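These are the residues of each chain, in order.
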Amino acid sequence: MQELTTMEKIVALCKRRGFIYQGSEIYGGMAGMYDFGPYGVELLNNLKAAWWKEHVQIRENYFGLDSAMFKDPRVWEASGHTSGFSDPLSECKKCNTRIRVDKELENVGVVADEKMSEVELGALFTEHKAKIHCPKCGTNEFTPVRAFNLLVKTNMGDFTGENQVPVYLPGEACQGIYLNFKNVIDTTRAKVPFGIAQIGKAFRNEISPRNFLFRTRELEQADTQFFVRPHENKDAYERIKRERFQWYRNMGIREDNLRWKQHANLVFYASDAWDIEYNFPTLGFDELEGIHDRTDYDLTQHGKYSGVDLSYTDPHTGEKYVPWILETSVGLGRMFLAFLSDAYTEDKLGGETRTVLRLAPSLAPIKVAVFPLLKNKPELVSKAKEIYKTLQPIFMTEFDDNGNVGKRYRRQDEIGTPYCVTVDFESLEDGTVTIRDRDTGSQERVKIDKLTAVLLDKLKS
Ligand code: GAP
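Residues numbered from 1 in each chain as written. Predicted model: local features only at pLDDT ≥ 70, side-chain atom pairs only at ≥ 80, totals over all residues. Heavy atoms only, no water.

## Details of the environment of Y62
No. 1: Considering the arrangement of structural elements, one finds Y62 in strand β3 (residues 62–65).
No. 2: By relative accessible area, which is 6% here, Y62 ends up buried.
No. 3: Along the sequence, Y62 and I196 sit 134 residues apart, while their C-alpha atoms lie 5.3 Å from each other.
No. 4: Look past the residues within four positions of Y62 in its chain and what remains in contact with it is H55, V56, G195, I196, T224, F226, R239 and I240. (Helix = DSSP H or I, 4+ residues; strand = E, 2+ residues; numbered from the N terminus. Buried < 20%, exposed > 50% of the residue type's maximum accessible area, 1.4 Å probe, protein only. Contact = heavy atoms within 4.5 Å.)

What follows is the structure in structure tokens.
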């Protein structure tokens, strides 16, 4: 089994190579906010494309959607978020640092039931308070526990007068799917059972955002909601669980680093919930993706609050019912972190230690890098530029003539580029170039006029 790397090394690589930057960095940085840099956005887009292909493109009964982020504020009342979407908060009496009580209890081995009232949780906190210390100043004097709502509220329209409309940023991306359930049925050939897939942003006023991309205040979720006939949820639920686990395996995540966890305590909308956990560096196993049986909760609630009948009539039997919903939901930041950590390897090549990202070629930010052997030989540079221009419309390609070739290889290894093409003096004589393989370091010579076809073939496999 490959030794796990540390979060520190992943964070350093992300910064060094332009995958992730701290949000608002030049203003001192903002907690729980990250920007995806040039290589980060490529990896992120490749992950989204792979996920979309799996859940929309190759399916017959899944439909894509991209719903507006701002929604009628009643949506969040119907969904239960204005009343039930909160975390238990307490404040250090000395330095006012806020802590998330359930997480601090977990850290000292006490698991709080998600259904506990504020009073019950407060009593549990008091019982174990002696073991819990403020992460900033170390004292253990805290204010009473209170529920802290995670929805982010803002205003819309006339910002000065009393016509201001308070609206919420989405607490979870999936609500737009429920609002469009009827639209999708009316405008496509969708028949229950069917699914709707969406990638969308969500915002949560997390009390203590931490662990890099693992817990952030702004996140993106890739969701599928699968609508089934009531009580016909079990087989579909098992199929969906199997498929999601297998997808991570197919995309190259090592099996040792994945496992299942069933929720003992369920959130307010779920009747069964399983997490796919990933063995995150430094954190250990923790939630990567949630797979929830939401019953008829969502469509019933939105039917009630909107006054629109969201039941479904079976076109064959005429049977009318409110479908049950099976959900898969994964944060793309966590997915990004899992794929990056899984691919991160330190090995020895040609007697030198190197860092290499062994990403599946389809996920690699750059597919091909093109180098002239020497920067100060114009004939090599112009030939390499010519090849670069030919490959650019077909692959994400990078040109590099900085430093020596060895350094350029190291750089491409660290960003996970599967192939590097070098133009040398032989190229000028016989029209061939070398292709160097990221994982083995081995090189082969190929004719320039065959290069695109050879690379296409290699990247496909
Ligand atoms: N619609 C269901 C839902 O939102 P969730 O378990 O709260 O369920 C689903 O979130 C997924 O979103 C999680 O499994 C995780 O991958 C991601 N996620 C949730 N909160 C997050 C946060 N603060 N930062 C990063 N990712 C988060």
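There's plenty left to go through after this.
## Some points on the packing of aromatic side chains
No. 1: Considering all chains together, one arrives at 20 aromatic pairs under this definition.
No. 2: Note on W51 and W52: the rings are 6.4 Å apart at their centroids and 45 degrees apart in plane angle, and the pair reads as tilted.
No. 3: Using a relative accessible area of 0% as the deciding quantity, one classes W51 as buried.
No. 4: Note on W52: relative accessible area 31%, which makes it partly exposed.
No. 5: Among the aromatic residues, those joined into a cluster by ring pairs are F63, F181, F194 and F227.
No. 6: Over the ring of W260 we find K241, and its NZ or CZ is 5.3 Å from the ring centre.
No. 7: The ring centre of F399 lies 4.6 Å from the NZ or CZ of K385, which sits over that ring. (Phe/Tyr/Trp six-rings, centres within 6.5 Å; stacked < 30°, edge-to-face > 60°. Lys NZ or Arg CZ within 6 Å of the ring centre and 35° of its normal.)

## As for the site of the ligand
No. 1: Around the ligand, the surrounding shell holds 22 residues, and the nearest of these are E172, R204, E206, E287 and L288.
No. 2: E206 is positioned with one of its side-chain polar atoms (N or O) 2.8 Å from a nitrogen atom of the ligand.
No. 3: Contacts to the ligand include E287, whose side-chain N or O atom sits 2.5 Å from an oxygen atom.
No. 4: Taking 550 Å² as the accessible area of the ligand by itself, protein coverage stands at 92%.
No. 5: When residues of the shell around the ligand are traced back to their parent elements, those giving at least two are β10 (218–228), β13 (284–293) and β16 (324–331).
No. 6: Here the element with the most residues in the shell around the ligand is β13; it accounts for five residues.
No. 7: For the shell around the ligand, the residue count by class is seven nonpolar, six polar and nine charged. (Near = heavy atom within 4 Å. Polar contact = N/O pair within 3.5 Å; in protein donor to acceptor, adjacent residues only side chain to side chain. Areas by Shrake-Rupley, 256 points an atom, 1.4 Å probe, with all protein chains shown as cover. Nonpolar A, V, L, I, M, F, W, Y, C, P; charged D, E, K, R; others polar.)

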